[in-house]
Amino acid sequence: MNILETKGLYHDFSGLEVLFDVNLQVKEGERLALIGPNGAGKTTLFNTITGMYHPTQGQVFFKGKDITRSNPYQLARIGMGRSFQITTTFARLTAFQNIRQAVLSKNGIRFQMFRKLDKMQDITKETDEILKRINLDGQRNIPAGMLSYGKHRSLEISMALATDPELIMLDEPTAGMSRDETHTAVELIRRLTEGKTVVIIEHDMDVVFSIADRITVLHYGQILATGSPAEIRENQEVKDAYLGDLEY
Amino acid sequence: MSTKLSNWILWGVVIILLAVFPYLVSFYYLNMFIAFAIFSLYAVTLNILLGYMGVLSFGHAMFFGTGAYAVALVLRHIEGFPLLPTILVGGLAGGLLALVLCPLLVRVSGTAFAMLTLAFSMLIFVAALKFREITGGEDGIGITSIPPLNIPGLVSIDMTDKINFYYFAIIVVAICLYLLWFYTKTPFGSLIVGIRDNALRMDYLGFNLPQTKAINLVVSGTFAGIAGAVHGLLMKLVSTVGVLDIGTSFKPLMMAYIGGVGSFFGPIIGSAILHILEDVVIRFTDRIGLVNGTIFILVVLFAPQGLIGLFNTAKAKWFQKETAS
Amino acid sequence: MSPTAVLYVAQALHGLAYGMLLFLIASGLTLIFGMMGILNIAHASFAMLAAYFCFTALKLTGNFWAALLIAPIFAGIVGVLTERFLLRPVHKHGHLAELLITVGIMTLILEIVKLFWGTESLVVKIPESLNGLLHIAGLTYPVYRIFVIGLSIVILGFMALILFKTRLGKIVQAAVSDADMVSALGINTPLVFMLVFGIGIWLAGVAGAVAGPLLTVFPGMADQLGMDAFVVVVVGGFGSLIGAFIVALFLGELNAYGIQFIPRLAPVLMFAFMALVLAFKPTGLFGERE
């Protein structure tokens, strides 16, 4: 079953066409990489899928349900998680507090005004477990804004995962990372998304070819090609537009 | 000594001091203390929006004033309206006003929010001035006597006695402050701070922002209304200048800022400082506005984190020295 | 002209005069916000300061024109000093700090004015040359108000010329749009800021000095003017001169006709209008900046 599907998706910003008849299919459980040159519309596609924008035309389906007009918070509640290209965490809160917010949402605790948060031991336990799994337990009480870049990006990715979503959308998770940080991040992503569906926007081709089951190439707002990594590697159009003749 | 024990002792001392206070000072200072308490609560409600949710309410007097007017009107028009429901009416009025404004206020933040609240509070101020038949215009509405505190079947406490009223006012304010403090410690309280720090992330984590903001606004408005209600009872007169004017909107802002918007107690400290200052300065000059304004500018220039911020910086420096040596 | 027509035209002219004054004040305010991100709560207070300066200058020199010339300049100087020593240091502490310090400045100016000039209303006499009534087509209208309108138009025309036809003006326009970019281009933005702030205050000062004879000079002068100027800037759009112009004139007329025909509702209408605009377009009718 396609866990995520877009049908005839168009989007423009005051007349500037950014997405053009995008028909994306994501199979349940697969890891799909979305690649393409800068300005191809990858982040815009993410934004229309995750509810930040409502597409000017077309539809988006999640688990068979029409979510075209849904808002981000509604999608988070039915199993979609998203990380951002620009780190979007609570900079002044600690790593622990950051994850805890996600844990609260996951447990549906949205209007609890009658208990002290710090006294809720099950929440604390769950949060600490997650911190351990993402190797941030050592930085538990450090404000997110003071974490090293790599750790901060890891926190960012974890915020997308901590609500335990079925579909995870990662927007350039390794952006700005060093070689080593990238390795750690890739390992983290692989480990934490076992059995889940992942759509990942990436520019780092090594990351793409090591994670992705399938690749979709976006170019000037349109899907140029889609297929297995091997197919995409050999695809002449893709090479001309994006990959060049470098051997991957 | 454990922190918990020292906390209990601290609060015990505070309670004892508060209890004996009326027997130590004149009525003038008693009333001043009540005013300090009222404005502490009022300033805290502003900080629930500013420090905690990250939005500046530039017209907070509208909630305070609406609470005050509600009380004055209820006591004027309904014979024998009891005391506790009167206070609750004040809170209800403030909360209702916030609720009514929510659809607009939850959709904006930053400067737009500040300007909208300013606009609405000016609107209400002018309306209160113009519709004299209801509000008494500039002259306002007088409260002839504060109803007694009736606990059915038990006791009826006369509130015209200043000391009784002091206990009543302090207890009301203390309860409200405790409730608000507890509120900030709950999971919902952390959502509010989340909105301040990164509303986008809150949205993507699955939180309904407009709803959450609305609840916080109503909480702020309700308790500001209660503060206004007690203020009305203290002053025995509710008129536009003093509860609805822009000065009344700026006071809690200055208090919160001077004390420090980053902490729950900051506004309380700010309220204490401004009230003490006013009392001290008045002996030397009646140019209290000049002194207030200058001090405020100095605080903004040199201590933007407020007094609590200064305290925290000093503490950090002291600990640094400790570990260094 | 028939008597009713006369009434309407007179009101329209009142509205125009007040609208022009509002625009003089609001234009500085909106430029300052657009460029520096500072919402100067104290802006109208400077106008009031200039009115007081004008009063004193008139007493000292006995010459209205000299007073009218000197007062706004003095106010402008105070404005420049304020920017340099009170606003610039606070910039790094964020927008809230900037906003709050302008609140403090507003309070300070009010107290200083009460300290040096007292709380009584002061009368600034209109000079003989501008006193009297003009008779046109059956309409009898005070000359001074025509003067106010005329002077405003001249000054604003002059400002528009500088803004749109000179290099400095282009820099200012660019800085209003994107100050960081202008700074990156090597232009001394702190100097430009100081200049624009000073001129913005000067414009408000002209409005204040000129309004003195009309409104009388008293400590509460800044309240009404300030509130109205805010509505103009907020509704017109931050950083937009056109928006400020249109809304200022609209507000002037609304005030004039409102006070004449629906005195109770007029001020309420104005704020209701502002709330409405903000609800649907938080950046104002013509505004872009957050």
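This one's a predicted model, so the numbers in the text were calculated from it and none came from an experiment.

### Examining the sheet that holds strand E11 (residues 222-227) of chain A
Residues and elements named next belong to chain A.
Phase 1 of the analysis: Ordered in space as E7-E8-E9-E4-E10-E11, the 6 strands form an open sheet in which the pairing is mixed. Every other strand in the sheet has two partners, leaving strand E7 (80-83) and E11 as the edge strands with one partner each. Between one strand and the next, the sheet's axes are offset by a mean angle of 15°, whatever the strand orientation.
Phase 2 of the analysis: Two elements, E7 and strand E8 (residues 167-171), share 4 bridges in a ladder whose sense is parallel. Bridging from a neighbouring strand, Ser83 pairs with Leu170 of E8.

### Quick word on the packing of helix H1 (residues 3-36) of chain C against helix H8 (residues 189-215) of chain C
All names here are of chain C.
Phase 1 of the analysis: Where H1 contacts H8, the axes come no closer than 8 Å and their chain directions differ by 165°. Regarding the angle of H1 to H8, the classification is roughly antiparallel. As for how H1 packs across H8, the hand of that crossing is left-handed. Here H1 contributes Leu21, Leu24, Ile25, Ser27, Gly28, Leu29, Leu31, Ile32, Met35 and Met36 to the contact with H8, which in turn contributes Phe193, Val196, Phe197, Ile199, Gly200, Ile201, Leu203, Ala204, Val206, Ala207, Val210 and Ala211.

### Details of the interface of chain B and chain A
Phase 1 of the analysis: With 19 residues of chain B at the contact, the number on the chain A side is 26 residues.
Phase 2 of the analysis: Mapped by element, the contributors of at least two residues to the side of chain B that touches chain A are helix H7 (162-185) and helix H8 (187-205) of chain B.
Phase 3 of the analysis: By residue number, the principal contributor to the side of chain B that touches chain A is H8(B), which donates 12 residues.
Phase 4 of the analysis: Of the residues contributing to the side of chain B that touches chain A, the split by class is 8 nonpolar, 7 polar and 4 charged.

### Some points on helix H3 (residues 64-87) of chain C
Residue and element names in this part refer to chain C.
Phase 1 of the analysis: The terminal C-alpha atoms of H3 lie 33 Å apart, and with 24 residues this matches the ideal 34 Å at 1.5 Å per residue to within 8%.
Phase 2 of the analysis: Among all positions of H3, only Phe64, Ala67, Leu68, Ile70, Ala71, Pro72, Ala75, Gly76, Gly79, Thr82, Glu83 and Leu87 are buried.
Phase 3 of the analysis: Lining the buried residues of H3 we find helix H2 (43-61), helix H4 (95-117) and H8.

### Here we look at the environment of Asp228(C)
Residue and element names in this part refer to chain C.
Phase 1 of the analysis: Mapped onto the elements, Asp228 comes out in helix H9 (residues 221-236).
Phase 2 of the analysis: In this structure the C-alpha to C-alpha distance between Asp228 and Val154, which are 74 residues apart in sequence, comes to 22 Å.
Phase 3 of the analysis: With residues near it in sequence (within four places) discarded, Asp228 still touches Leu22 and Leu251.

How each quantity is defined
Residue indices follow the written sequence of each chain, beginning from 1 at its first position. Chains carry letters and ligands carry numbers; both start at the beginning, A for chains and 1 for ligands, and go up in the order they are written. In keeping with the predicted nature of the model, local features appear solely for residues at pLDDT of at least 70, side-chain atom pairs appear and are counted solely at 80 or more, and the whole-chain, interface and lining totals rest on all residues. Strands were regarded as paired on the criterion that DSSP finds at least two bridges between them. Starting at the N terminus, helices and strands are each numbered in turn, a helix being any DSSP run of H or I of at least four residues and a strand any DSSP run of E of at least two. Orientation is described by axes fitted as lines to C-alpha atoms, over the contacting stretch for helices, and by angles from 0 to 180 degrees between their N-to-C directions. Note on terminology: angles under 35 degrees are roughly parallel, angles over 145 are roughly antiparallel, angles of 65 to 115 are roughly perpendicular, and the others are oblique. Working rule for handedness: look at the near helix, and if it is turned counterclockwise from the far one by less than a right angle, call the crossing left-handed; if clockwise, right-handed. What counts as a contact here is a pair of residues whose C-beta atoms, placed from the backbone, lie within 7 Å. In this classification, the charged set is Asp, Glu, Lys and Arg, the nonpolar set is Ala, Val, Leu, Ile, Met, Phe, Trp, Tyr, Cys and Pro, and all remaining amino acids, among them Gly, are polar. Every helix has an expected span of 1.5 Å times one less than the residues it contains. Backbone-placed C-beta atoms define the burial measure: a residue is buried with 20 or more other C-beta atoms within 10 Å of its own, exposed with 12 or fewer, and partly exposed in between.

Without other data, these values stay purely geometric and don't point to any function.
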